[in-house]
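A closer look at the structure
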Amino acid sequence: MTKPRPAATDAASTADTPAPKLRELNKRRTREAISDAATRLFIDQGFDRTTIAEVAAAAGVAKMTVTNHFPRKEDLLLDLHEELAGRLARTVADRAPGESALASLRRDCLAALDRHDARLGFAGQAFARTVADSPALLARLRELHEQGETALAEALTRALTDADRPAPADDATAPVDFESRVAAALLAAVDRAVFTEVFRRVLAGEEHAAVTAAVRPSAIRAFDRLEGALGNFAVRTDRGR
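As the structure is a computational prediction, the values presented were derived from the model and not from experiment. (Residues numbered from 1 in each chain as written. Predicted model: local features only at pLDDT ≥ 70, side-chain atom pairs only at ≥ 80, totals over all residues. Heavy atoms only, no water.)

1. Describing the packing of aromatic side chains
Overall, the coordinates contain two aromatic pairs when judged by the stated rule. Here F195 and F199 contribute two aromatic rings whose centre-to-centre distance is 6.3 Å and whose plane-to-plane angle is 5 degrees, an arrangement assigned as stacked. Linking F195 with F199, this pair stays in helix 10 (residues 178-203), spanning four residues, or about one helical turn. Lying over the aromatic face of F47, K73 brings its terminal NZ or CZ to 4.5 Å of the ring centre. (Phe/Tyr/Trp six-rings, centres within 6.5 Å; stacked < 30°, edge-to-face > 60°. Helix = DSSP H or I, 4+ residues; strand = E, 2+ residues; numbered from the N terminus. Lys NZ or Arg CZ within 6 Å of the ring centre and 35° of its normal.)

2. A short note on the packing of helix 10 against helix 11 (residues 208-230)
Direction vectors running N to C along helix 10 and helix 11 enclose 165 degrees, while the axes themselves pass 10 Å from each other. If you check the angle between helix 10 and helix 11, you find them roughly antiparallel. Between helix 10 and helix 11 the crossing geometry is right-handed. Contacts between helix 10 and helix 11 involve A183, L186, L187, V190, V194, E197, V198, R201 and V202 from the former and H208, V211, A214, V215, A219, A222, F223, L226 and L230 from the latter. Partitioning the contact of helix 10 with helix 11 into residue classes produces 15 nonpolar, one polar and two charged. (Axes fitted to C-alpha atoms, helices over the stretch in contact; angles between N-to-C directions. Parallel < 35°, antiparallel > 145°, perpendicular 65-115°, else oblique. Left-handed = near helix turned anticlockwise from the far one by under 90°. Contact = heavy atoms within 4.5 Å. Nonpolar A, V, L, I, M, F, W, Y, C, P; charged D, E, K, R; others polar.)

3. With respect to the UniProt feature "DNA-binding region" (unreviewed entry) in the protein chain
The feature "DNA-binding region" (unreviewed entry), as given by UniProt, occupies residues 51-70 in the numbering adopted here. Between the C-alpha atoms that bound residues 51-70 there is a distance of 13 Å. The span itself is 75% helix and 0% strand. (UniProt positions renumbered as here; feature names shortened; annotations may be inferred.)

4. Comments concerning the environment of R95
Inspection of the secondary structure puts R95 in the loop between helix 6 (81-93) and helix 7 (101-114). Remark: the alpha-carbon pair of R95 and V235, spanning 140 residues in sequence, is separated by 8.7 Å. Of the polar contacts made by the side chain of R95, one reaches the backbone oxygen of V92; its length is 2.7 Å. One polar contact links the side chain of R95 to the main-chain carbonyl oxygen of A234, over a distance of 3.0 Å. (Polar contact = N/O pair within 3.5 Å; in protein donor to acceptor, adjacent residues only side chain to side chain.)

5. Remarks on the side chain of S134
When you line up the elements, S134 lands in the loop between helix 8 (125-132) and helix 9 (135-164). Among residues more than four places away in sequence, those in contact with S134 are F47 and D48.

6. A short note on the nonpolar core
Counting residues in each nonpolar core, the largest one holds 58 residues, and the members touching the most others are L76, L113, L152, L156 and V194. With 10 residues, the top contributor of residues to this core is helix 10. Setting aside its immediate chain neighbours within four residues, L113 contacts L120, F122, V194, V198, T212, V215, R216 and A219. (Core = buried A, V, L, I, M, F, W, Y, C linked by side-chain atoms within 4.5 Å. Buried < 20%, exposed > 50% of the residue type's maximum accessible area, 1.4 Å probe, protein only.)

7. Concerning the pattern of salt bridges
Enumeration according to the criterion identifies 18 salt bridges in this entry. In this structure, D108 engages R87 in a salt bridge whose closest nitrogen and oxygen atoms are separated by 2.5 Å. A residue pair is termed long-range when its members are at least 10 positions apart, and D108 in helix 7 and R87 in helix 6 qualify at 21 residues. R87 sits in the buried class, given a relative accessible area of 3%. Note that R140 and E143 form a salt bridge whose closest N and O atoms lie 3.1 Å from each other. (Salt bridge = Lys/Arg side-chain N within 4 Å of Asp/Glu carboxyl O.)

Take a look at the structure:
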């Protein structure tokens, strides 16, 4: 569940980077350094016992810098919170022509299992234990999954609207309809169940490859059970973007 780190940029390429991009690069590096320092402290001391001041000292930055980058303490550890909350909606929005919402989410989930994606709960055992031992972190995870379901319902509503008229996919004016809420609840439930099972097995110390081998067949069966109800739901047409 920690953020994958991009490859390091060498000094020559950094020197040639335009100023706005260099500022963004430095901002990202500072954010990553803070998150990495916080993660080490949380694993060593426990999330609830570690203070923001200790994180700032370990990262070599001011306390205000920490809170500017991470307004919520929980997100110092769960630094993929935006990706976690938005993954399902983005998958539906980016589905291929002729592909249903269910098919796109099945494809994305199975691919994420195969690559041991942090957004599906893959992490080190010590990291997982830190999360499991903190009620605040567990509550934040539940909140992120709820946000993901809401965002998925909104994406499905836009997908259905776009099938009837060529509206832009980012049109957020239409209210979320009842059918989309139900579909989102069912589809997000599979994703959440996969996450929960992956996390449980990682916490128990299972190797990632073994976790995927155990969970993947269950995920396939779960998506198969939804096929009759949602197999033709929100199929993307040529204008459905």
